Amino acid sequence: MFSGTDTGIGHALAKYLDSLGFVVFAGVLNKDGPGAEELRRSCSQRLSVLQLDVTSATQVKEAYLTVSEKVQNAGLWGVVNNAGILGFPADGELLPMSTYRHCMEVNFFGAVEVSKTFLPLLRRSQGRLVNMSSMAGGIPLPRYAAYGASKAALSMFSGVMRQELSKWGIKVTAIHPSGFRTGIEGTAEQWDEHEKELLENLPADTRQAYGEEYLLGLRNYLLHLPSHCAPDLSPVLAAVLHSLLARSPQGLYTPGRGAYVPLCVFCCSPLWFYDFF
């Protein structure tokens, strides 16, 4: 069972595992949207599209009841918490509190809600819980305070659950991809709204401290972000597949160029050196 399969990694994963013969439950934010329609059109009858806004306890429960009815006593082999939002990449002081709250609501609380709800099905099968975190959830990255904090919370949750659920044979994995082009970057219209909210709520002294040129430069950073992201999602797909099928999956996967090196520098070097790096 996947969340966040409308676009990006979740969408590619649902198609990929369906092509391998898996029975896939694809949770989407909008069951009538283009992503859901594409899954219905291009995938086999084994794939079921589920309406699943992870911030809605009602929808999570309804998805659980639907999946329970279909798998019955066999249980569910895997839950992949993939749904996530980026928020506006900007300095932590500049971000409105609504961005912090929204990132936590989707990226962390949504994943916890789904995990807790579906664990009885995983316990029956001694299955797998896979949480899609981020490189930003393992190391501090400038301009990702809200997103990184929510993913760091998810990574810590994964580690604790890995320890606690092992007595039932449930394996828990966190995935920390580097930069991939997934569609999470959003549209120009969405960024216009985020930017407007950010700039309109800045105190005058904060705005003066950063300067208009720097604030306007955030848009350029955002526009060039996709060019620094890898379009090939296959390393992430391979990591998720291994976490679902390996007899002894890793607790942490770091797919993608550049994901492992900064983590090593952060873990093995003095903080002043990492900050400089």
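Just above, that's the structure.
Residues numbered from 1 in each chain as written. Predicted model: local features only at pLDDT ≥ 70, side-chain atom pairs only at ≥ 80, totals over all residues. Heavy atoms only, no water.

A. Inspection of a nonpolar patch on the surface at higher detail. A contiguous nonpolar patch, built from Val261, Trp272, Phe273 and Phe277 and spanning about 470 Å² of accessible area, is present on the exposed surface. In this structure, Val261 sits in helix 10 (residues 260-268). (Patch = residues over 30% accessible without salt bridge, like charges linked within 9 Å, V, L, I, M, F, W, Y side chains within 5 Å. Areas by Shrake-Rupley, 256 points an atom, 1.4 Å probe, with all protein chains shown as cover. Salt bridge = Lys/Arg side-chain N within 4 Å of Asp/Glu carboxyl O. Helix = DSSP H or I, 4+ residues; strand = E, 2+ residues; numbered from the N terminus.)

B. Main features of the packing of aromatic side chains. The tally for this structure, following the rule as stated, stands at 7 aromatic pairs. The interplanar angle of 70° and the centroid separation of 5.0 Å between the aromatic rings of Phe266 and Tyr274 together place this pair among those described as edge-to-face. For Phe266, a relative accessible area of 24% corresponds to the partly exposed category. Through a chain of ring-to-ring contacts, three or more aromatic side chains come together here, namely Phe108, Phe109 and Phe157. For Arg123, the ring lying beneath its charged end belongs to Trp168, and the centroid distance is 4.4 Å. (Phe/Tyr/Trp six-rings, centres within 6.5 Å; stacked < 30°, edge-to-face > 60°. Buried < 20%, exposed > 50% of the residue type's maximum accessible area, 1.4 Å probe, protein only. Lys NZ or Arg CZ within 6 Å of the ring centre and 35° of its normal.)

C. Highlighting unusual backbone geometry. A positive phi angle is found at Gln126, which is not glycine, with a value near 55°. Positionally, Gln126 belongs in the loop between helix 4 (97-125) and strand 4 (128-132). Using a relative accessible area of 46% as the deciding quantity, one classes Gln126 as partly exposed. Of note in the backbone geometry, Arg143 takes a positive phi value of approximately 75° without being a glycine. Relative to the elements of secondary structure, Arg143 occurs in the loop between strand 4 and helix 5 (145-165).

D. Examining the packing of helix 3 (residues 57-71) against helix 4 more closely. At a minimum axis distance of 10 Å, the contact between helix 3 and helix 4 shows a crossing angle of 20°. Taken as axis vectors, helix 3 and helix 4 run roughly parallel relative to one another. In this structure, the crossing between helix 3 and helix 4 has a hand that is right-handed. Contacts from Ala57, Val60, Ala63, Tyr64, Val67, Ser68 and Val71 in helix 3 reach Glu113, Val114, Thr117, Phe118, Pro120 and Leu121 in helix 4. Per-class residue counts for the contact of helix 3 with helix 4 are 10 nonpolar, 2 polar and 1 charged. (Axes fitted to C-alpha atoms, helices over the stretch in contact; angles between N-to-C directions. Parallel < 35°, antiparallel > 145°, perpendicular 65-115°, else oblique. Left-handed = near helix turned anticlockwise from the far one by under 90°. Contact = heavy atoms within 4.5 Å. Nonpolar A, V, L, I, M, F, W, Y, C, P; charged D, E, K, R; others polar.)

E. Seen up close, helix 3. Under the 1.5 Å per step criterion, the end-to-end length of helix 3 is 21 Å for 15 residues, consistent within 8% with the ideal 21 Å. Against strand 1 (25-28), strand 2 (48-51) and helix 4 lie the buried residues of helix 3. Gln72, located one to two residues past helix 3, shows a positive phi value of around 50°. (Expected span 1.5 Å × (residues − 1).)

F. Structural context of the pattern of salt bridges. One pass over the structure, following the stated rule, counts 6 salt bridges. In this structure, the salt-bridge partner of Asp32 is Lys31, at a minimum N-O distance of 3.7 Å. For Asp32, a relative accessible area of 55% corresponds to the exposed category. By relative accessible area, which is 38% here, Lys31 ends up partly exposed. Two residues, Glu37 and Arg40, come together in a salt bridge whose shortest N-O distance is 2.9 Å. You can see Glu37 and its partner Arg40 sitting in helix 2 (residues 34-42), 3 residues apart, about one turn around the helix.

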